[in-house]
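Next come the chains, spelled out residue by residue.
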Amino acid sequence: MTWTKNSWKNYPIKQQPTYSDEKELNEVLTRLEKLPPLVFAGEVRNLKAKLEKVALKEAFLLQGGDCAESFANFGAVNIRDMFKLLLQMAIVLTFAGGCPIVKIARLAGQFAKPRSADFEELDGVKLPSYRGDIINGFNFSKEAREPDPKRMIEAYYQSATTLNLLRAFAKGGLADLHEVHRWNLGFLKKAELGSKYDELSEKITQALEFMQACGITAANSPSLRETSVYTSHEALLLPYEEALTRVDSLSGEIYDCSAHMLWIGERTRGLDEAHIHFLSGVKNPLGVKIGPSAKADDIKAIAQALNPKNEAGRLNIIIRMGADKIASNLPHIFKELSKEGLNIVYSIDPMHGNTTKAGNFKTREFDKIMQEVKMFFEISMSEGIYPGGVHLEMTGQDVTECTGGASNVTAESLQNRYETQCDPRLNADQALELAFLIADLVKKARKA
Ligand code: PEP
Ligand code: CO
């Protein structure tokens with residue numbers, strides 16, 4: 001069947017809301033179709049070129065951000081701190097790995113959530129599950145949980161203003177390497193972690209002074225004062241993605257202009273289903289989440305469907321098996337895939353296979369997260385695969401959602417600042433600590 005931006009409607013689809021007012025839905029989509037694209041195809045091509053470097057083992061991918069962005073927590077401080085955290089982590093990784101770090105935020109569009117159950121029950125009341133602010137409301141009430149198409153417009157504008165600030169930070173001075181000391185978020189609880197970061201900042205400052213003496217300055221070398229942070233989200237809500245899919249006037253190619261990179265979740269990656277079909281027709285770099293039940297053949301078939309020309313930088317396979325399953329499930333998959341000559345960026349999402357419950361809270365243990373990352377690197381290296389990146393749920397705020405790590409969050413302290421509307425995120429300290437641990441692994445992988 002030939003691809004058009006709405007041909008996904010001919011395929012079975014999972015995890016979609018049912019809107020009660022079809023007329024209103026169509027009005028919203030007509031309006032969205034007329035609104036400007038959020039990203040420019042040229043930026044998307046630049047990202048693809050950078051991911052190609054990852055596929056060629058010359059760079060490393062750092063992808064991270066909220067599990068679900070929310071309308072209520074939208075504001076400059078959250079965006080700024082997420083940006084600073086990404087820069088801090090990237091600098092730690094660059095220094096150790098000696099290679100460029102491709103930074104992709106789960107931000108400016110990460111609103112729609114797949115759910116394991118269609119309904120949620122509380123005190124005998126049963127209501128439709130929360131599916132992300134782009135679809136329905138988080139409050140446990142009948143009104144809030146009704147899917148409302150107008151939320152797509154709000155998500156669009158929130159994404160636009162978030163992107164505006166990200167671009168301003170990236171090019172307007174905040175990313176200047178001379179500011180490296182000031183990216184610190186100020187709640188480093190473990191002195192050791194703080195001094196590790198200070199030590200690194202000091203080395204960078206010295207290197208910059210040396211370069212300045214040699215005539216290389218921020219004024220004549222933009223790469224010292226500017227960076228690029230790309231955006232990504234799960235392309236779950238296909239009517240929204242379709243409305244933002246446009247023909248690039250320069251190349252004549254079709255791009256989903258809601259974000260630079262889109263991914264397909266573990267629950268919606270069925271081969272003959274709507275999500276794979278839709279994304280097969282757009283030119284953006286794509287990710288696909290791979291859980292513990294996958295076989296090597298599934299990944300080969302996904303690569304055939306989404307990347308038939310085997311272009312490096314097009315496809316990112318995101319492994320998320322869980323610390324308890326990765327050692328038994330991943331080695332034979334990688335063994336088989338390493339023989340195929342497929343150009344794939346492999347990264348690890350150590351979050352989604354490690355979710356547990358502590359009382360009423362969904363949480364994740366820092367040690368399990370770290371353990372899965374470590375095993376991913378070990379397995380990759382012994383099977384001849386380059387461990388190309390990490391995919392994390394994190395925030396620049398000092399929340400208490402994951403247990404353990406530098407800030408020593410316990411099951412009892414989860415309630416103090418549990419702010420996520422969906423999955424538990426690493427707080428800024430935990431994320432930075434993880435970056436230092438990953439940096440050592442990247443160093444080894446790059447030497448191998
Ligand atoms: C997510 O990334 O928030 C998510 C739902 O992941 P997965 O599809 O891997 O479960
Ligand atoms: Co999540």
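Residues numbered from 1 in each chain as written. Chains lettered and ligands numbered in written order. Predicted model: local features only at pLDDT ≥ 70, side-chain atom pairs only at ≥ 80, totals over all residues. Heavy atoms only, no water.

Trainee: Can you help me understand the site of ligand 1 in this one?
Mentor: Close contacts around ligand 1 come from C67, R106, K113, P114, W263, G265, E266, R267, K289, R320, H352 and E393, and that covers them all. One of the side-chain N or O atoms of R106 is found 2.9 Å from an oxygen atom in ligand 1. Take E393: an N or O atom from its side chain is 3.0 Å from an oxygen atom of ligand 1. Burial of ligand 1 by the protein chains amounts to 98% of its free accessible area of 290 Å². Across the shell around ligand 1, the residue classes break down as three nonpolar, two polar and seven charged. (Near = heavy atom within 4 Å. Polar contact = N/O pair within 3.5 Å; in protein donor to acceptor, adjacent residues only side chain to side chain. Areas by Shrake-Rupley, 256 points an atom, 1.4 Å probe, with all protein chains shown as cover. Nonpolar A, V, L, I, M, F, W, Y, C, P; charged D, E, K, R; others polar.)

Trainee: Would you explain unusual backbone geometry in this entry?
Mentor: With glycine set apart, most residues show a phi of negative sign, and most peptide bonds adopt trans. The phi dihedral of K57 is positive, around 65 degrees, even though this residue is not glycine. Its place among the elements puts K57 in the loop between α2 (41–55) and β1 (60–65). Even without glycine at this site, D123 takes up a positive phi of about 45 degrees. (Helix = DSSP H or I, 4+ residues; strand = E, 2+ residues; numbered from the N terminus.)

Trainee: It is not clear to me how the side chain of R131 should be interpreted in this structure. Could you clarify?
Mentor: For R131, the position within the fold is in the loop between β4 (125–128) and α4 (142–145). Since its relative accessible area comes to 8%, R131 is described here as buried. Excluding anything up to four places from it in sequence, R131 contacts Q15, F111, A112, K113, R115, D118 and N136. (Buried < 20%, exposed > 50% of the residue type's maximum accessible area, 1.4 Å probe, protein only. Contact = heavy atoms within 4.5 Å.)

Trainee: Can you help me understand the sheet that holds strand β14 (residues 387–393) in this one?
Mentor: Strands pair in a sheet through their backbones, by hydrogen bonds, and they do so in one of two ways: parallel or antiparallel. Spatial ordering of the closed barrel is given by β1-β2-β5-β8-β9-β10-β11-β14, a layout of eight strands whose pairing is parallel. Across the sheet, the mean angle from the axis of one strand to that of its neighbour is 25 degrees, orientation sign disregarded. Where β1 meets β14, five bridges bridge the pair, whose relative direction is parallel. Within the sheet, the bridge partner assigned to L62 lies in β14 and is V390. (Pairing = 2+ DSSP bridges. Axes fitted to C-alpha atoms, helices over the stretch in contact; angles between N-to-C directions.)

Trainee: I would appreciate a short explanation of the coordination of the cobalt ion (ligand 2) in the present structure.
Mentor: Around a metal, the ideal angle is 109.5 degrees if four donors adopt a tetrahedral arrangement and 90 or 180 degrees if six donors adopt an octahedral arrangement. Every protein donor of the cobalt ion (ligand 2) is listed here as C67 (SG), H352 (NE2), E393 (OE) and D423 (OD), and their distances to the metal cover 2.1 to 2.5 Å. The sequence pattern describing where the donors of the cobalt ion (ligand 2) fall on their chain is C-x284-H-x40-E-x29-D. Of the two residues, H352 is situated in the loop between β11 (345–348) and β12 (356–358) and D423 in the loop between β14 and α12 (428–447); the sequence distance between them amounts to 71 residues. No difference in accessibility class separates H352 from D423, as the two residues are buried. (Donors = N, O, S within 2.8 Å, 3.2 Å for Na, K, Ca; no water.)

Trainee: Which parts of the structure should I look at to understand the pairing of strand β8 (residues 261–264)?
Mentor: Regular strands show a simple pattern: their side chains alternate between the two faces of the sheet. Every second residue of β8 is oriented toward a common face, with M261 and W263 on one face and L262 and I264 on the other, all of them buried. Where strand β5 (residues 229–234) lies against β8, three bridges are found, and the strand directions are parallel. Bridge pairing in β8 links E234 to W263. Inspection of the sheet shows β8 paired to strand β9 (residues 286–290) by three bridges, in the parallel sense. Bridge pairing links L262 to L286 in β9. Considered for its hand, the β-α-β crossover made up of β8, helix α8 (residues 274–280) and β9 is right-handed. (Right-handed = clockwise from strand over helix to strand, strands pointing away.)

Trainee: Explain the nonpolar core to me, please; I cannot follow it from the model alone.
Mentor: The nonpolar side chains of soluble globular proteins are, as a tendency, buried together. Core analysis: the largest hydrophobic core is formed by 106 residues, its most contacted members being F60, I317, I319, F334 and L426. For this core, the leading source of residues is helix α3 (residues 76–97), giving 12 residues. Aside from chain neighbours lying at most four places away, what touches I319 is I290, I326, L330, F334, S347, I348, D349 and F376. (Core = buried A, V, L, I, M, F, W, Y, C linked by side-chain atoms within 4.5 Å.)

Trainee: How should the pattern of salt bridges be read in this particular structure?
Mentor: For side chains of opposite charge, pairing can occur when their charged atoms come near one another. For the structure on display, the rule yields 30 salt bridges. Here R80 and D81 are joined by a salt bridge, their closest N and O atoms 3.0 Å apart. You can call D81 buried: its relative accessible area is 6%. With its nearest N and O atoms 2.6 Å apart, the salt bridge here joins D423 to K362. With D423 in the loop between β14 and α12 and K362 in strand β13 (residues 361–363), this pair connects stretches of sequence that are 61 residues apart. On the basis of relative accessible area, D423 is assigned to the buried category, the value being 8%. Note on K362: relative accessible area 26%, which makes it partly exposed. Salt bridges sharing partners connect three or more residues here, namely R106, K362, R364, E393 and D423. (Salt bridge = Lys/Arg side-chain N within 4 Å of Asp/Glu carboxyl O.)

Trainee: Looking at this model, I keep getting lost on α3. Mind explaining?
Mentor: Counting along an α-helix, one turn takes 3.6 residues, and residues three or four places apart therefore face a common direction. Over its 22 residues, α3 runs 31 Å from end to end, which matches the ideal 32 Å to within 8%, given 1.5 Å per residue. Among the 22 residues of α3, 16 are classified as buried, and the element is accordingly described as predominantly covered. Just beyond α3, the residue with positive phi is G98, at close to 60 degrees. (Expected span 1.5 Å × (residues − 1).)

So yeah, pure geometry; function would need other evidence.
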